[in-house]
Each structure stands twice: as structure tokens, then as C-alpha cells.
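# Notes for the structure review
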Amino acid sequence: LAYTFTVNSENVKGSVYYKYAVVFQSSKIDKDSYVQPKFKINIYLNDELLEEESYEVNASVNNLEFNLVSLPNRLIKWKDWTTVSFDLSDFNINDQIRLEFENYDCAIGRSFGYTYLVANNTGSDNVVTGGLIQKED
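Nothing here was measured: the structure is a model prediction, and the numbers come from that model.

### Describing the overall build of the chain
The helix and strand tally for the chain stands at 0 helices and 10 strands. Listing each helix as α and each strand as β along the chain from the N terminus yields β-β-β-β-β-β-β-β-β-β. Counting all 137 residues of the chain, 41% fall into the buried class. Partitioning the contacts of the chain with sequence separation of at least 6, the portion at a separation of at least 24 is 76%. A total of about 8300 Å² of accessible surface is found on the chain, and carbon and sulfur atoms cover 45% of it.

Below you can see the structure in the form of C-alpha cells.
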């Protein structure tokens, strides 16, 4: 899912925030991180990736931000709602910002991952619009 907006005179004094919560269920058989469910956030400024703002996590993560329940043959991990915000006054008028959120299930079909997501703007009404993105791996 991608949210795209342009910084303008109405929203430049506001901020953008997004909130997400992630749930992963992984099979104890699928130990390779490259096949496990994952979640990615990429932020682009005028079509250039802001790498320092990127975030990626997969089901094999050993992170204290994640809760864990161990069941026979599988693990359930989740990260509670997390809020991220940034001030639009740090950008220039007519800068285009795109927030991309990608959620992946297990590559071999034994596990799943899903994400809850909310994005909003505090500077003006209806500035953040979203849509599905198509990517090829």
C-alpha cells in the first residue's frame, strides 16, 4: 500500500503520522529468514528512497518490541501499535512524499504475516491518499 502526498502551503505547518501493528505466524520448520513473513516500510522524497527512514522486519526477528507465543510447530509474534511521525516543515513546498508499506506471507506457504495500518496528516484535510502498489520480486 502506498500513501502519496505533496507538501503545499496548507499542510507545510502540519505533520504526517502513521501507525502500524504487525503479526507474524511462522512455522518452526521454516528457519530461513528469506522465506519467512516480513513487513517493510520505505519512504521516498521526490522518488528517492530515504534509506535512513526504511524499516524491515521478518518473523525470525529477535526483538524486544515483539511479543511472542510459542505453540506446537509454530511461533506467533506481534508488535503492538507503533506510531511514527514527521514534521512537514522540514520539507519544501512541492516536495512529493510517498510512504510504501509492504507485507509478505511466507514464501513457501506455511506461515503468514499481516499488518494493521493507519496514516493521517494534521496540516489540512484529505492530503494523504492511498492505493495498492504492484511490485515484482
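### Describing the packing of aromatic side chains
Each aromatic ring pair is described using two quantities: the centre-to-centre distance and the angle formed by the ring planes. In this structure the tally under the stated criterion is 11 aromatic pairs. When the ring of Tyr114 is compared with that of Tyr116, the centres are 5.7 Å apart and the planes differ by 80°; the resulting orientation is edge-to-face. A relative accessible area of 36% places Tyr114 in the partly exposed class. Joined through ring pairs, the aromatic side chains of Tyr3, Tyr18, Tyr20, Phe39, Tyr55 and Phe101 make up one cluster. In this structure, Lys19 packs its charged tip against the face of Trp81, placed 5.7 Å from the ring centre. Across from the ring centre of Tyr104, 4.8 Å away, lies the NZ or CZ of Lys38, which sits over that ring.

### Observations concerning the pattern of salt bridges
Tallied over the full model, the rule gives 4 salt bridges. Taking the shortest distance from any N to any O, the salt bridge between Arg98 and Asp47 comes out at 2.9 Å. Of the two residues, Arg98 sits in strand β8 (residues 96-104) while Asp47 sits in the loop between β3 (38-45) and β4 (48-49), which places them 51 residues apart along the sequence. Owing to a relative accessible area of 54%, Asp47 belongs among the exposed residues under this scheme. Taking the shortest distance from any N to any O, the salt bridge between Glu65 and Lys79 comes out at 3.0 Å. One end of the pair, Glu65, is in the loop between β5 (55-58) and β6 (66-71); the other, Lys79, is in strand β7 (residues 74-87), and 14 residues separate them in sequence. The class for Glu65 is partly exposed, based on a relative accessible area of 45%. Overall, the relative accessible area of 6% leaves Lys79 in the buried class. It is possible to trace a salt-bridge network through shared partners that takes in Asp47, Arg98 and Glu100.

Rules used in this analysis
Residues numbered from 1 in each chain as written. Predicted model: local features only at pLDDT ≥ 70, side-chain atom pairs only at ≥ 80, totals over all residues. Heavy atoms only, no water. Helix = DSSP H or I, 4+ residues; strand = E, 2+ residues; numbered from the N terminus. Buried < 20%, exposed > 50% of the residue type's maximum accessible area, 1.4 Å probe, protein only. Contact = heavy atoms within 4.5 Å. Areas by Shrake-Rupley, 256 points an atom, 1.4 Å probe, with all protein chains shown as cover. Phe/Tyr/Trp six-rings, centres within 6.5 Å; stacked < 30°, edge-to-face > 60°. Lys NZ or Arg CZ within 6 Å of the ring centre and 35° of its normal. Salt bridge = Lys/Arg side-chain N within 4 Å of Asp/Glu carboxyl O.

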